[in-house]
Amino acid sequence: LLFLCVVLTVLTPFWTAVFIAADWVESNQYFEAVGGLKETVVRNAVAKVVLAVFSVRAGVALWRRSRSAVADTITYFVMLIVYALVSPFYFAANLESTVVASEVRDSGITQGIATTFVALVWIAYLLFSKRVRATYNHSTDAPVDDSSVLKDVPSKTMKGACPSCGGPVEGDVCWSCGARL
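Here the structure is a predicted model, which means the values were calculated and not measured.

Some details on the nonpolar core
Part 1: By size, the foremost hydrophobic cluster in this structure holds 22 residues, and its most contacted members are Leu-4, Leu-8, Leu-62, Tyr-76, Phe-77 and Leu-126.
Part 2: Elements with a contribution of two residues or more to this core: α1 (2-27), α2 (37-64), α3 (69-93), α4 (98-128) and α5 (130-136).
Part 3: For this core, the element with the most residues is α3, which contributes nine residues.
Part 4: Setting aside anything within four residues of it in sequence, one finds Tyr-76 in contact with Leu-8, Thr-12, Leu-51, Phe-54, Ser-55 and Ala-58.

Right, dumping it as structure tokens:
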């Protein structure tokens, strides 16, 4: 979970900037020769920046343990999947050179499949992980059985159940809702 937070808030924005710069450096020499290439590179950069902003937003929500953190993060990954699967066709369609368009489309499809796979793994983790449920369960109606998740925590540090959500308490902080007691 910590790794996901770091990926969303630090690594994704960093690599987005690196890839935008690399795309520009690699493509700018062909802007005059290939009609529509400059516009395509700019549109792609804007789309990547928008995704990076949503990535940071989702990561910060996870760090802060907000009520919408898991939903925000899943929404980000769904947006990433849509971008990954649609962008190769959209950007290739805007290029005048069929040779360049087919290269853009083919490399984009390969990258899109890989990105989709990784995003689906993270979505599955967010939906089915006991750790995620224990950390982000803010509902008092549906208590989570945290016994298997917290089995490695020494029992002498656990001080019972949180009066707000029923989650486990360590020290003076609830593991489930983050309440200070």
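Right, picking up where we left off after that structure.
Some thoughts on the pattern of salt bridges
Part 1: Taken as a whole, this structure holds two salt bridges when the rule is applied.
Part 2: Notably, a salt bridge pairs Asp-23 with Lys-48, separated by 2.9 Å at the nearest N-O pair. Of this pair, Asp-23 sits in helix α1 while Lys-48 sits in helix α2; the two residues are 25 residues apart in sequence, bridging distant segments of the chain.
Part 3: With relative accessibility at 25%, the residue Asp-23 sits in the partly exposed group.
Part 4: Lys-48 sits in the buried class, given a relative accessible area of 18%.
Part 5: The salt bridge partner of Arg-57 is Asp-72, with a shortest N-O separation of 3.4 Å.

Thresholds, definitions, all that
Residues numbered from 1 in each chain as written. Predicted model: local features only at pLDDT ≥ 70, side-chain atom pairs only at ≥ 80, totals over all residues. Heavy atoms only, no water. Core = buried A, V, L, I, M, F, W, Y, C linked by side-chain atoms within 4.5 Å. Buried < 20%, exposed > 50% of the residue type's maximum accessible area, 1.4 Å probe, protein only. Helix = DSSP H or I, 4+ residues; strand = E, 2+ residues; numbered from the N terminus. Contact = heavy atoms within 4.5 Å. Salt bridge = Lys/Arg side-chain N within 4 Å of Asp/Glu carboxyl O.

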